[in-house]
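# Observations on chain architecture
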Amino acid sequence: MKLFLGASPNPFDLKAALLAGHAQHPVIIHFPIALFMASAVFELLAVWRKQPVFASVAYYNLLGATMTVPLAIATGLGAWRWQLEGAAVKGNLRLHLICALTSASLIFFLCWMRSRHRAKGVSPGVAYLTVTFMTVMAIALTGHLGGILSGVEAP
(Lines give C-alpha, C1' and ligand atoms only; values in the text may rest on other atoms or scores of the structure.)
Protein backbone atom coordinates (compact mmCIF):
# COMPACT_ATOMS: atom_id res chain seq x y z
CA MET A 1 0.00 0.00 0.00
CA LYS A 2 2.82 2.41 0.82
CA LEU A 3 4.39 1.79 -2.58
CA PHE A 4 1.10 2.67 -4.29
CA LEU A 5 0.66 5.88 -2.27
CA GLY A 6 4.27 6.92 -2.71
CA ALA A 7 4.09 6.59 -6.48
CA SER A 8 1.61 9.42 -6.97
CA PRO A 9 2.20 13.10 -6.17
CA ASN A 10 0.48 14.58 -3.16
CA PRO A 11 -2.90 15.95 -4.30
CA PHE A 12 -2.92 18.35 -1.34
CA ASP A 13 0.43 19.96 -2.17
CA LEU A 14 -0.75 23.57 -2.52
CA LYS A 15 2.70 24.89 -3.40
CA ALA A 16 3.02 22.51 -6.37
CA ALA A 17 -0.47 23.40 -7.60
CA LEU A 18 0.00 27.17 -7.37
CA LEU A 19 3.52 27.28 -8.75
CA ALA A 20 2.93 25.06 -11.77
CA GLY A 21 3.66 27.65 -14.46
CA HIS A 22 0.96 26.52 -16.85
CA ALA A 23 -1.87 25.41 -14.62
CA GLN A 24 -3.53 28.67 -13.63
CA HIS A 25 -4.42 30.22 -17.00
CA PRO A 26 -6.51 27.35 -18.39
CA VAL A 27 -8.48 27.36 -15.13
CA ILE A 28 -8.84 31.11 -14.53
CA ILE A 29 -9.75 32.03 -18.11
CA HIS A 30 -13.11 30.31 -17.85
CA PHE A 31 -14.38 32.88 -15.33
CA PRO A 32 -14.39 35.99 -17.55
CA ILE A 33 -15.56 33.94 -20.54
CA ALA A 34 -18.50 32.38 -18.71
CA LEU A 35 -19.46 35.59 -16.94
CA PHE A 36 -19.38 37.56 -20.17
CA MET A 37 -21.36 34.97 -22.11
CA ALA A 38 -23.96 34.83 -19.32
CA SER A 39 -24.12 38.63 -19.42
CA ALA A 40 -24.80 38.58 -23.16
CA VAL A 41 -27.55 35.97 -22.78
CA PHE A 42 -29.25 37.86 -19.95
CA GLU A 43 -28.98 41.11 -21.90
CA LEU A 44 -30.81 39.49 -24.81
CA LEU A 45 -33.41 38.09 -22.41
CA ALA A 46 -33.87 41.56 -20.90
CA VAL A 47 -34.52 43.06 -24.33
CA TRP A 48 -36.73 40.19 -25.49
CA ARG A 49 -38.81 39.73 -22.33
CA LYS A 50 -38.64 43.39 -21.20
CA GLN A 51 -37.74 42.30 -17.67
CA PRO A 52 -35.49 44.69 -15.72
CA VAL A 53 -34.29 41.87 -13.45
CA PHE A 54 -32.56 40.24 -16.45
CA ALA A 55 -30.83 43.53 -17.20
CA SER A 56 -29.55 43.67 -13.61
CA VAL A 57 -28.26 40.10 -13.81
CA ALA A 58 -26.58 40.94 -17.13
CA TYR A 59 -24.93 44.01 -15.62
CA TYR A 60 -23.52 42.17 -12.61
CA ASN A 61 -22.24 39.30 -14.75
CA LEU A 62 -20.52 41.86 -16.99
CA LEU A 63 -19.03 43.52 -13.91
CA GLY A 64 -17.72 40.13 -12.74
CA ALA A 65 -16.22 39.45 -16.17
CA THR A 66 -14.54 42.85 -16.13
CA MET A 67 -13.05 42.22 -12.69
CA THR A 68 -11.63 38.80 -13.64
CA VAL A 69 -10.11 39.84 -17.00
CA PRO A 70 -6.89 41.27 -15.45
CA LEU A 71 -6.26 38.00 -13.60
CA ALA A 72 -6.79 36.04 -16.82
CA ILE A 73 -4.33 38.28 -18.66
CA ALA A 74 -1.77 38.02 -15.86
CA THR A 75 -1.96 34.23 -15.78
CA GLY A 76 -1.75 34.15 -19.58
CA LEU A 77 1.45 36.16 -19.47
CA GLY A 78 2.73 33.82 -16.78
CA ALA A 79 1.92 30.78 -18.92
CA TRP A 80 3.76 32.36 -21.84
CA ARG A 81 6.76 33.07 -19.63
CA TRP A 82 6.93 29.71 -17.83
CA GLN A 83 5.35 27.11 -20.09
CA LEU A 84 6.52 28.56 -23.39
CA GLU A 85 9.73 29.85 -21.79
CA GLY A 86 9.21 33.35 -23.16
CA ALA A 87 9.11 32.13 -26.77
CA ALA A 88 9.05 34.71 -29.54
CA VAL A 89 5.59 36.20 -29.95
CA LYS A 90 4.75 35.10 -33.49
CA GLY A 91 2.22 32.97 -35.35
CA ASN A 92 -0.72 31.67 -33.31
CA LEU A 93 0.78 33.03 -30.09
CA ARG A 94 0.76 36.55 -31.54
CA LEU A 95 -2.79 36.13 -32.83
CA HIS A 96 -3.91 34.79 -29.44
CA LEU A 97 -2.30 37.75 -27.66
CA ILE A 98 -3.87 40.29 -30.04
CA CYS A 99 -7.29 38.65 -29.79
CA ALA A 100 -7.05 38.41 -25.99
CA LEU A 101 -6.18 42.09 -25.61
CA THR A 102 -8.91 43.03 -28.08
CA SER A 103 -11.46 40.92 -26.18
CA ALA A 104 -10.38 42.43 -22.88
CA SER A 105 -10.62 45.96 -24.28
CA LEU A 106 -14.10 45.27 -25.65
CA ILE A 107 -15.24 43.87 -22.29
CA PHE A 108 -13.95 46.97 -20.48
CA PHE A 109 -15.61 49.21 -23.10
CA LEU A 110 -18.93 47.38 -22.76
CA CYS A 111 -18.79 47.63 -18.97
CA TRP A 112 -18.19 51.37 -19.24
CA MET A 113 -20.98 51.69 -21.81
CA ARG A 114 -23.41 49.63 -19.71
CA SER A 115 -22.59 51.60 -16.56
CA ARG A 116 -23.49 54.83 -18.36
CA HIS A 117 -26.75 53.32 -19.61
CA ARG A 118 -27.56 52.06 -16.12
CA ALA A 119 -26.83 55.46 -14.54
CA LYS A 120 -29.17 57.17 -17.01
CA GLY A 121 -31.82 54.48 -16.56
CA VAL A 122 -32.00 53.62 -20.26
CA SER A 123 -31.87 50.27 -21.99
CA PRO A 124 -28.87 49.49 -24.18
CA GLY A 125 -29.44 50.09 -27.86
CA VAL A 126 -28.39 48.45 -31.10
CA ALA A 127 -24.82 49.76 -30.82
CA TYR A 128 -24.33 48.06 -27.46
CA LEU A 129 -25.76 44.77 -28.71
CA THR A 130 -23.60 44.96 -31.85
CA VAL A 131 -20.43 45.45 -29.81
CA THR A 132 -21.55 42.62 -27.54
CA PHE A 133 -21.87 40.30 -30.54
CA MET A 134 -18.43 41.39 -31.80
CA THR A 135 -17.00 40.65 -28.35
CA VAL A 136 -18.55 37.16 -28.32
CA MET A 137 -16.89 36.48 -31.68
CA ALA A 138 -13.52 37.86 -30.48
CA ILE A 139 -13.67 35.69 -27.35
CA ALA A 140 -14.51 32.62 -29.43
CA LEU A 141 -11.53 33.24 -31.73
CA THR A 142 -9.25 33.86 -28.74
CA GLY A 143 -10.36 30.61 -27.11
CA HIS A 144 -9.87 28.68 -30.34
CA LEU A 145 -6.31 29.97 -30.69
CA GLY A 146 -5.66 29.23 -27.02
CA GLY A 147 -6.85 25.68 -27.56
CA ILE A 148 -4.39 25.27 -30.42
CA LEU A 149 -1.54 26.67 -28.32
CA SER A 150 -2.32 24.41 -25.37
CA GLY A 151 -2.49 21.33 -27.54
CA VAL A 152 -6.17 20.69 -26.81
CA GLU A 153 -7.09 21.40 -30.42
CA ALA A 154 -5.03 20.18 -33.35
CA PRO A 155 -3.85 22.95 -35.69
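Residues numbered from 1 in each chain as written. Predicted model: local features only at pLDDT ≥ 70, side-chain atom pairs only at ≥ 80, totals over all residues. Heavy atoms only, no water.

### Some remarks on the confidence of the model for the protein
Here is the rule: pLDDT measures how confident the predictor is about each residue, on a scale from 0 to 100. Here a residue-residue contact requires only that any non-hydrogen atoms of the pair lie within 4.5 Å.
Counting all residues, the mean pLDDT for the protein is 85, and 83% of those residues have values of 70 or more. Within the model, pLDDT remains below 50 along residues 1-8, and this stretch shows zero contacts once partners closer than five positions in the same chain are excluded.

### Re unusual backbone geometry
Test applied: Under the scheme used here, helices are H or I runs from DSSP no shorter than 4 residues and strands are E runs no shorter than 2 residues, and both carry numbers assigned from the N terminus.
One non-glycine residue, Lys-50, lies in positive phi territory at about 55°. Along the polypeptide, Lys-50 turns up in the loop between α4 (30-49) and α5 (52-82).

### A closer look at the packing of α5 against helix α6 (residues 91-120)
For clarity, the threshold we go by: Axis definition: a line fitted to C-alpha atoms, limited for helices to the stretch in contact. Angles are taken between N-to-C directions and run from 0 to 180 degrees. Here the word oblique covers every angle except those under 35 degrees (roughly parallel), over 145 (roughly antiparallel) and from 65 to 115 (roughly perpendicular). Note on convention: the crossing is left-handed when the near helix lies turned anticlockwise from the far helix by less than a right angle, right-handed when the turn is clockwise. Each residue receives one of three labels: charged for Asp, Glu, Lys and Arg, nonpolar for Ala, Val, Leu, Ile, Met, Phe, Trp, Tyr, Cys and Pro, and polar for the others, Gly being one of them.
The interhelical angle for the contact between α5 and α6, taken along N-to-C directions, is 155°, at an axis separation of 10 Å. Considering the angle they form, α5 stands roughly antiparallel to α6. Judged by the twist between their axes, the crossing of α5 over α6 is left-handed. For the pair α5 and α6, contact is made by Ala-55, Ser-56, Tyr-59, Tyr-60, Leu-62, Leu-63, Ala-65, Thr-66, Val-69, Pro-70, Ile-73 and Trp-80 and by Leu-93, Leu-101, Ala-104, Ile-107, Phe-108, Leu-110, Cys-111, Arg-114, Ser-115 and Arg-118, respectively. Considering only residue class, the contact of α5 with α6 consists of 17 nonpolar, three polar and two charged.

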